[in-house]
Amino acid sequence: MGLKMKNRISNTVIYIILVIMSIVWLFPFFCLVCESFRCESTQQVGYIFPKQWGLTNYINLFTKTDFLKWYKNTFIIGLATAVLQTVNVLAMSYTLSRLRFKGRKLLMNAMLVLGMFPGFITMIVLYKILAGLGLTGSNSVPGLILVYCASSAMGYYVSKGFFDTISRSLDEAARIDGCTRAQVFTKIIMPLSKPIVVYTILTAFMAPWGDFMFAKYIAHNTSAGMNVAVGLQNLISTPSGLTANYTMFCAGGVLVAVPITILFMSLQKYYVEGVTGGAVKG
């Protein structure tokens, strides 16, 4: 058997495996979509394809719940967090990549170690602080933004690795021409760092978009302060709610997944470049 035939067989096997993995991965979402269009019953059933299709669940989701308010809260939190976290992370990454100062290694190691501790161990303390500031319940949106952005600069390592791959001679040439550090960062480095910027924005946006545990803890079962994850879970948190609102819950799940799916598909190229570029050096 020739080398060409072996490569063809190997590629065929790999593609078959990838197709099977894709089907397994997409099957739950396919079931979710089917459930969201089912109109003959609002509770869980033992079959996949609805006997009666329609948009009733989507209409009820917008008219009988505060879904628009939850969606708006989530979008505001995600957008604000993406902007603030991106600024914090990229500024810290550039500083650690380009500048040399006393205590730099200690600072990097300290942030790396602190980042290994799970965030939920500080939930009680954070709740007390936010409650004292009046940022819980119906005012939980600014409180969640504050928490998500407070220590975001500690996630510097991927972005720093990307900046390390950009030649320092560009910085030196710009400095000789009279640029300040800020101008070098914004006018020289940032235009060359589109992949890592997109990667940072996507990861910063996704975390609050799908957060449930801390958002529920802060929202206090107050509908005005819920995000979509907490609001949708609240619909089926009781046995009666699960029976009456299950298909609405599925419709909400589809509406939550669609924006993230479109965002990832349109920016996938830059996301992959950002991950691989940042993994070259640490």
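In the block above lies the structure referred to throughout.
Nothing here was measured: the structure is a model prediction, and the numbers come from that model.

Caption draft 1: Geometry of the overall build of the protein chain. Regarding its fold elements, the protein chain presents 13 helices and zero strands. Secondary structure elements of the protein chain occur, N-terminal to C-terminal, as α-α-α-α-α-α-α-α-α-α-α-α-α. Dimensions of the protein chain along its principal axes, counting C-alpha atoms only, are 75 × 70 × 30 Å. Burial status across the protein chain gives 37% buried among its 282 residues. Considering only intrachain contacts with a sequence separation of at least 6, the fraction spanning at least 24 residues in the protein chain is 71%. Split by element, the accessible area of the protein chain, about 16100 Å² in all, is 70% carbon and sulfur.

Caption draft 2: Quick peek at the packing of helix α3 (residues 67–98) against helix α6 (residues 140–150). Running from N to C, α3 and α6 point in directions that differ by 30°, and their axes come no closer than 9 Å. In terms of their interaxial angle, α3 and α6 are classed as roughly parallel. Note that α3 runs across α6; the crossing there is right-handed. Here N73, I76, I77, A80, T81, L84, Q85 and N88 of α3 lie close against α6, whose contacting residues are V141, L144, I145, Y148 and C149. Classifying every residue of the contact of α3 with α6 by side-chain character gives nine nonpolar, four polar and no charged.

Caption draft 3: Broad picture of the packing of α3 against helix α9 (residues 181–189). Where α3 meets α9, the axes come as close as 12 Å, and the angle between the chain directions of the two elements is 110°. By the angle between their axes, α3 is roughly perpendicular relative to α9. Here α3 contributes L90, A91, Y94 and R98 to the contact with α9, which in turn contributes R181, V184, F185 and I189. Grouping the constituent residues of the contact of α3 with α9 by class yields six nonpolar, no polar and two charged.

Caption draft 4: Structural view of a nonpolar patch on the surface. There is a patch of nonpolar side chains on the surface, built from M5, I9, V13, I14, Y15, I17, L18 and M21 and spanning about 760 Å² of accessible area. Along the chain, the position of I9 falls in helix α1 (residues 3–36). With a relative accessible area of 38%, I9 lands in the partly exposed category.

Caption draft 5: Examining the environment of I166 more closely. Tracing the chain through its elements places I166 in the loop between α7 (157–164) and α8 (168–176). Here I166 falls in the buried class, since its relative accessible area comes to 10%. Sequence separation between I166 and A251 is 85 residues; the distance between their C-alpha atoms is 45 Å. The contact partners of I166, leaving out residues within four places of it in the chain, are R98, I189, L192 and S193.

The rules behind the values
- Numbers given to residues run from 1 along each chain, matching the order in which its sequence is written.
- Confidence filtering applies because this is a predicted model: local features only for residues at pLDDT of at least 70, side-chain atom pairs given and counted only at 80 or more, and all residues used for totals across whole chains, interfaces and linings.
- To obtain the side-chain values, all non-hydrogen atoms of the structure were included, while hydrogens and water were left out.
- Segments assigned H or I by DSSP are reported as helices when at least four residues long, segments assigned E as strands when at least two residues long, and all are numbered from the N terminus.
- Three labels apply to residues, based on accessible area from a 1.4 Å probe with only protein chains included: buried if under 20% of the type maximum, exposed if over 50%, partly exposed otherwise in between.
- Whether two residues touch is decided by their heavy atoms; if any such pair falls within 4.5 Å, the residues are in contact.
- Accessible areas in this description were obtained via Shrake-Rupley with a 1.4 Å probe; residue shielding takes into account the shown protein chains only.
- Lines fitted to C-alpha atoms define the axes, with helix axes restricted to the stretch in contact, and inter-axis angles between N-to-C directions lie between 0 and 180 degrees.
- Oblique is the label for any angle not under 35 degrees, not over 145, and not in the 65 to 115 range, which are roughly parallel, roughly antiparallel and roughly perpendicular in turn.
- Helix crossings fall into two classes, left-handed where the near helix is turned counterclockwise from the far one by less than a right angle and right-handed where it is turned clockwise.
- Following the grouping adopted for this structure description, the nonpolar residues are Ala, Val, Leu, Ile, Met, Phe, Trp, Tyr, Cys and Pro, the charged ones are Asp, Glu, Lys and Arg, and the polar ones are all others, Gly among them.
- A patch consists of residues exposed above 30% relative accessible area that lack any salt bridge, with like charges linked at up to 9 Å and nonpolar side chains (Val, Leu, Ile, Met, Phe, Trp, Tyr) linked at up to 5 Å.
- By definition here, a salt bridge exists when the distance from a side-chain nitrogen of Lys or Arg to a carboxyl oxygen of Asp or Glu is within 4 Å.

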